[in-house]
Amino acid sequence: MSKEEVYLNEDIRASEVRCVGDDGTVYGVVSRQEALNIASKMGLDLVLVAPDAKPPVCKIMDYGKFRYQQEKKLKEAKKKQKTIEIKEIKLSAKTAQNDLNYKIKHAQEFLSEGKHVKFRVFLKGREMANPEVGVNMLERIWAAMSEFAERDKAPNLEGRYVNMLVTPKKS
């Protein structure tokens, strides 16, 4: 049974179920048919809530109302969810200091807006044999940024890039 798949009424295959009402009333272990009869008398649905239990647990409830409330909860959770934007600043191992200062200034602006910044140093040709060049450059950048940022990930080599992730300082 997948997360989305819910068994209702006649779709429930177990011969005996533990039946619980929406209001908390416990009907105990009854036959599937008896549980369906109780649900239909109340004008509600029999919903399988715990298929792996022995015997399976079913709840008598208004399934349409239940689904509506679940979707409402999901929407609320989505509203409160915070998305993190990551800005990427690409450099080469031979980037001049004045260009670095300019890129650091941009990174400060991104951080002040609450965005994360990923510095990537691209290694060309023979620079791949000596990736410490990229690591040293990122360490110099970190020295200039450490007072207004936190380092999430130390410089590490991934393919042709040396990466470092910087996040805004928590106040």
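Asker: How would you explain the packing of aromatic side chains if you had to name every residue and give the values?
Answerer: By convention here, two paired aromatic rings are described through the distance between centres and the angle between planes. Applying the stated rule across the entire model yields 2 aromatic pairs. Taking the centre distance of 6.1 Å and the plane angle of 35° together, the rings of Tyr63 and Phe66 count as tilted. Remark: Phe66 and Tyr63 occur in helix α2 (residues 63–80); sequence separation between them is 3 residues, near one turn of the helix. Judged by its relative accessible area of 31%, Phe66 falls in the partly exposed class. The ring of Tyr161 has Arg120 lying over it, and the distance from NZ or CZ to the ring centre is 3.8 Å.

Asker: Go over the sheet that holds strand β2 (residues 26–31), please, and point to the residues and values.
Answerer: Taken in spatial order, the 4 strands line up as β2-β1-β4-β3 in an open sheet, and their pairing is mixed. Both edges of this open sheet fall to β2 and β3 (45–50), since each of them pairs with a single strand only. Here the strands of the sheet are splayed against their neighbours by 35° on average, with no regard to which way each runs. Two elements, strand β1 (residues 16–21) and strand β4 (residues 57–61), share 4 bridges in a ladder whose sense is parallel. Bridge pairing in β4 places Cys19 opposite Cys58. Sheet strands touched by helix α1 (residues 32–42): β1, β2, β3 and β4. Its angle to β2, the strand with the most contacts, is close to 130°.

Each value, and the rule that gives it
Residues numbered from 1 in each chain as written. Predicted model: local features only at pLDDT ≥ 70, side-chain atom pairs only at ≥ 80, totals over all residues. Heavy atoms only, no water. Phe/Tyr/Trp six-rings, centres within 6.5 Å; stacked < 30°, edge-to-face > 60°. Helix = DSSP H or I, 4+ residues; strand = E, 2+ residues; numbered from the N terminus. Buried < 20%, exposed > 50% of the residue type's maximum accessible area, 1.4 Å probe, protein only. Lys NZ or Arg CZ within 6 Å of the ring centre and 35° of its normal. Pairing = 2+ DSSP bridges. Axes fitted to C-alpha atoms, helices over the stretch in contact; angles between N-to-C directions. Contact = heavy atoms within 4.5 Å.

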